[in-house]
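One letter stands for each residue in the lines below.
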Amino acid sequence: MIAYAARLAAAATLVFSSGLLAPAQAADDATVNIYSYRQPDLIKPVLDAFTKETGIETQVLFINKGLEERVQAEGENSPVDLILSTDISRLVNAKDMGITQPVESEELASAIPAEYRDEEGNWFGLTRRGRVIYASKERVDIDEMDYADLADEANRGRICIRDGQHSYNLGLFGSLIARWGEKKTEEWMEGLRDNLARRPDGNDRAQAQGIYSGECDLALGNTYYVGLMQTNEKEPEQQEWAKAIKVIFPTIGEYGTHVNISGMALAKHAPNAEAAKKLMTFLASDEAQRIYAGQVFEYPVKDSVPASDIVKGFGELDADDLPLSDVASHRRAASEMVDRVGLNQGPTN
């Protein structure tokens, strides 16, 4: 147990405070304690806006892995009020592990579209990113594609992707299973495997680098990485990678582009639940949607809130309206399919 606790502590970094997260406090003096998969500097502007409007302070513990296990291990003594996550599978996992509680709120229900929230109120989406195709500006002369095209023999040896077992890819594969069924999706995945230019490797930015270097012409990536590369002053070579690609928003037949979300969930044993609910309501507001989505180069979940100028530059997101809970329900099947097909071993030809 001591070793387990040490591993959890090593994965976490406390910010915006000098000690442990605040214990339970009186409602009129509450501080919202947050466990976050999202890096603190990216959420600080929106949390600062919340404090300015309400006077309620926030404290953040950044945890890069094992957040759900930490909360579960802490049990009733956990100081966390609000969980901020960056992937639908993590939100669903938190609910399945019993570390969240439902929130009944007309404001949240009206602000956040049904496909981006749990039907029982255990989690709510905040921002969206598309799982799109990065394409070489020099070597790809089309601007529209279907995900099915990635398995077409015309693209043999042209595609780069990251690890097939990564949550971003499993989300896409899960959505294809939901739309196409397992048989068609597996046939497609075999075609994708044989069209790879190399074994899956690196992160989404590495796929853009592969296009820049000429190793591949097409790649799967999230929209927000384009913004991160375009604005990267510390590693300006990434700006060159971004200049080498264009973003294509693929469809799933008659449906739109697969999306994933960042989101929030109220912790089961939240000491400051009422203050946390106020923060949740604020994060769903137009103002917070604009600040948060702009800061992380993502699309607001509310269509009424315009994207930032940088995000608008990626193109218009016509999102598939498949409920993300349905996507998450197929992730295990998607993971097993990746292994069965040998996607991570690369092309067999």
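Above this note sits the structure.
Keep in mind that what you see is a predicted model, and the values were worked out from it rather than measured.

Novice: What should I look at first to understand helix α4 (residues 88-96) in this one?
Specialist: Within the sequence span of α4, burial applies to Ile88, Leu91, Val92 and Ala94. Seen end-on, α4 carries its buried residues on one side only, within an arc spanning 155 degrees. Where α4 is buried, its residues contact α3 (67-74), β4 (82-85), β9 (259-266), α14 (324-329) and α15 (331-341). At the C-terminal side of α4, Gly98 shows a positive phi close to 75 degrees.

Novice: Looking at this structure, I do not really get the layout of surface pockets. What am I missing?
Specialist: Empty space left among the atoms is revealed by rolling a probe the size of a water molecule over them. By volume, the largest pocket amounts to about 670 Å³. Taken together, 25 residues make up the lining of the largest pocket; nearest its centre are Gln39, Leu42, Tyr224, Tyr225 and Leu228. Among the elements that make up the lining of the largest pocket, the one with the highest residue count is helix α9 (residues 223-230) (three residues). Classifying every residue of the lining of the largest pocket by side-chain character gives nine nonpolar, nine polar and seven charged.

Novice: Can you walk me through empty space enclosed by the protein in this structure?
Specialist: Inspection of the entire model under this criterion finds one cavity of 30 Å³ or more. Put simply, the largest cavity is a space of about 30 Å³. In terms of lining, the largest cavity is formed by Arg129, Gly130, Arg131, Tyr168, Asn222, His258, Val259 and Asn260. For the lining of the largest cavity, the secondary structure elements donating two or more residues are β5 (124-136) and β9. Among the elements that make up the lining of the largest cavity, the one with the highest residue count is β5 (three residues). Partitioned by chemical class, the residues of the lining of the largest cavity number two nonpolar, four polar and two charged.

Novice: Before we go on, may I ask you to explain the packing of helix α2 (residues 40-54) against helix α12 (residues 286-295) in this structure?
Specialist: Angle between the axes and distance between the axes are the two parameters that describe a pair of packed helices. Two elements in contact, α2 and α12, have axes separated by 8 Å at closest approach and are oriented at 160 degrees. Comparing their axes, α12 and α2 come out roughly antiparallel. Here the hand of the crossing between α2 and α12 comes out right-handed. Along its contact with α2, which presents Asp41, Leu42, Ile43, Pro45, Val46, Ala49 and Glu53, the element α12 presents Glu287, Ala288, Ile291, Tyr292 and Gln295. By residue class, the composition of the contact of α2 with α12 is eight nonpolar, one polar and three charged.

Novice: Looking at this structure, how should I read the side chain of Arg193?
Specialist: Examined against the element boundaries, Arg193 turns out to sit in helix α7 (residues 182-194). Leave out the neighbours within four places in its chain, and Arg193 touches Val341, Gly342, Leu343, Gly346, Pro347 and Thr348.

Novice: Just checking my understanding: could you explain the packing of aromatic side chains for this structure?
Specialist: Aromatic ring pairs are described here by two measures, namely the spacing of the ring centres and the angle between the planes. Scanning the model with the defined rule gives four aromatic pairs in all. Ring geometry for Phe50 against Phe282: centres 5.7 Å apart, planes inclined by 50 degrees, an arrangement best described as tilted. Highlighted residues: Phe50 in helix α2 and Phe282 in helix α11 (residues 273-283), separated in sequence by 232 residues. Since its relative accessible area comes to 0%, Phe50 is described here as buried.

Novice: Hey, could you run me through the pairing of strand β3 (residues 57-63) in this one?
Specialist: Looking along a regular strand, one sees side chains alternate from face to face of the sheet. Judged by how many residues are buried, β3 sits mostly within the fold: six of seven residues are covered. Examined bridge by bridge, strand β2 (residues 31-36) and β3 share six bridges and lie parallel to one another. Within the sheet, the bridge partner assigned to Asn33 lies in β3 and is Gln59. Taken together, β2, α2 and β3 constitute a β-α-β crossover, and its handedness is right-handed.

Procedures and definitions
Residues numbered from 1 in each chain as written. Predicted model: local features only at pLDDT ≥ 70, side-chain atom pairs only at ≥ 80, totals over all residues. Heavy atoms only, no water. Buried < 20%, exposed > 50% of the residue type's maximum accessible area, 1.4 Å probe, protein only. Helix = DSSP H or I, 4+ residues; strand = E, 2+ residues; numbered from the N terminus. Arc of directions from axis to C-beta. Contact = heavy atoms within 4.5 Å. 1 Å grid on protein atoms, 1.4 Å probe; cavity = no way out; pocket = protein on both sides within 12 Å on 5 of 7 lines; lining within 4 Å. Points joined across faces, edges and corners; volume = space filled by probe spheres on them. Nonpolar A, V, L, I, M, F, W, Y, C, P; charged D, E, K, R; others polar. Axes fitted to C-alpha atoms, helices over the stretch in contact; angles between N-to-C directions. Parallel < 35°, antiparallel > 145°, perpendicular 65-115°, else oblique. Left-handed = near helix turned anticlockwise from the far one by under 90°. Phe/Tyr/Trp six-rings, centres within 6.5 Å; stacked < 30°, edge-to-face > 60°. Pairing = 2+ DSSP bridges. Right-handed = clockwise from strand over helix to strand, strands pointing away.

Keep in mind these values describe shape, not function.
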